[in-house]
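Listed below are the residues making up each chain.
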Amino acid sequence: MPNMADVARSAGVSVATVSHVLNGTRPVLPHTRQAVLDAVDELGYTPNTLARSLVTSRTRSIGLAVSAISNPYFTEILQGVEAGALEHGYSLLIADPHDDPDHECKVVQLLHERRVDGMIVAPSADPRELVSYLGRHRVPTVFLDRVIDGVIEGAVGGAVEGVVGGAVEDPVDGPQRFDQVCAENTGPTARLVAHLAGLGHRRIGLVAGLPGLSTTAERITGYRQGLTTARLPYDDDLVVHGDSASAGAERATATLLSRAAPPTALVTANNAMTIGTLRALRDRGLTVPDDLALCCFDDFAWADLFSPRLTAIAQPSREIGAQAVRVLLERLAAPDRPARTVRLDCTFVHRTSCGCPDSGERGRPSQSSQSSPPSQSSPSSQPSQPSQFEKGNVS
């Protein structure tokens, strides 16, 4: 098997020059660089990644810990992470924490023991042990999709006093800061609510995600903001938790439908819960949007194939993954730079499950959902309500 010295002899350069060309550690004249690459190709030389890692203390690998990899949303994020890693010459080690705090710590520790250069993690609803571990070991980490700002309070094992704004406060060594990459959640959810209110709905329910997740909290905040914009009262009876899963949403939707005054419209807070909600409606012989209007957070490949087609908020999933890689590599290149949280805009995709007529356009994206939802001047200025909405029930 050819080695670096063989490449150097064939190209007529030093071993150091070959190293600079292959590792990008120093500029090399174009004709010299081409001679090295030609020699590499002719000899079939493959760099010894293990040997390189022993010299540089870098493995050029990234650990990715993301729950529910089977979820299309996280699958697309994974594709973005993988593409970004490969583009920069990094390999990817993947683990599924199953949204379980104990298992989360185990898989992150295993990835760390594999000497990954850094990690990208979608934290669980209780990430205190995770953050404590990453803080103690100073692991370069980007939190993905879910943020930890304001989530954690109190010490864990005496090593971490708290987490505020993405920072772990270490009483001995100073703050260990984490970068974060996620989508906008509050504004887009408010827009869904305001859109349904603009169609005449007065009782709009929310099937929220797993308590403890930042995405759940932010989407509930957006739901409340949408109600405020539409001058509608908040009602605890119209908010249920589907725990970010299809089965949980099915049960939660059944609870909503059993209320004395059930909602006439629903917002589901992720794609898995949208499926569960649709099952619950089907089991009761209810149709969308005739009996109950529906808007969902998360667009997915087959949302345009349902009848009716699903009005949804589309997250830039692949870009979230690719951005997380870029932020992590910037952290590796400059370990002392300030931590940052990057939020990416979502898109409102207007279809027909909300009760709007079919325009004939397939899943037409509207303007960015980050902007404020349309204001509702007064109930009297809104479109007249269909008869089933006036009844306040879906039976």
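Keep in mind it's a predicted model, so treat the numbers as computed, not measured.

Colleague: What is the right way to look at unusual backbone geometry in this model?
Modeller: Of the consecutive residues valine 288 and proline 289, the connecting peptide bond is found in the cis state with omega at 5°. Along the polypeptide, proline 289 turns up in the loop between helix H11 (271-283) and strand S13 (293-297). Phi is positive for serine 244, which is not a glycine, with a value near 65°. By the element assignment, serine 244 lies in the loop between strand S11 (239-241) and helix H10 (246-257).

Colleague: Explain the nonpolar core here, please?
Modeller: Side chains that are nonpolar tend, in soluble globular proteins, to be buried together. Ile120, Leu144, Leu196, Ile204, Tyr223 and Ile320 are the most contacted members of the largest nonpolar core, which totals 49 residues. Element by element, the count of residues in this core is highest for helix H12 (residues 317-333), at seven residues. Not counting chain neighbours up to four residues away, the residues in contact with isoleucine 320 comprise Tyr73, Ile77, Leu144, Val181, Cys182, Ala183, Gln315 and Leu344. Of all hydrophobic cores here, the second largest spans 20 residues; its members include Val207, Ala252, Leu257 and Ala269.

Colleague: Could you clarify how one ought to interpret H10 in this entry?
Modeller: In this model, H10 (12 residues) spans 16 Å end to end at C-alpha, consistent with the 16 Å of a helix rising 1.5 Å per residue. Among the residues of H10, Ser246, Gly248, Ala249, Ala252, Thr253, Ala254, Leu256 and Leu257 are the ones counted as buried. Against strand S10 (204-208), S11, strand S12 (265-268) and H11 lie the buried residues of H10.

Colleague: Before we go on, may I ask you to explain the confidence of the model for the chain in this structure?
Modeller: Caution applies to low-pLDDT regions: their predicted coordinates should not be interpreted in detail. Put simply, the chain has an average pLDDT of 83, and 80% of its residues get 70 or more. Low pLDDT (under 50) marks residues 151-175, which in the prediction has 55 contacts with non-local residues, meaning those over four places away or in another chain. Under a pLDDT of 50 for its full length, residues 367-395 has, in the predicted model, 60 contacts with residues more than four places off or in other chains.

About the thresholds
- Residues numbered from 1 in each chain as written.
- Predicted model: local features only at pLDDT ≥ 70, side-chain atom pairs only at ≥ 80, totals over all residues.
- Heavy atoms only, no water.
- Helix = DSSP H or I, 4+ residues; strand = E, 2+ residues; numbered from the N terminus.
- Core = buried A, V, L, I, M, F, W, Y, C linked by side-chain atoms within 4.5 Å.
- Buried < 20%, exposed > 50% of the residue type's maximum accessible area, 1.4 Å probe, protein only.
- Contact = heavy atoms within 4.5 Å.
- Expected span 1.5 Å × (residues − 1).
- pLDDT = per-residue confidence, 0-100.

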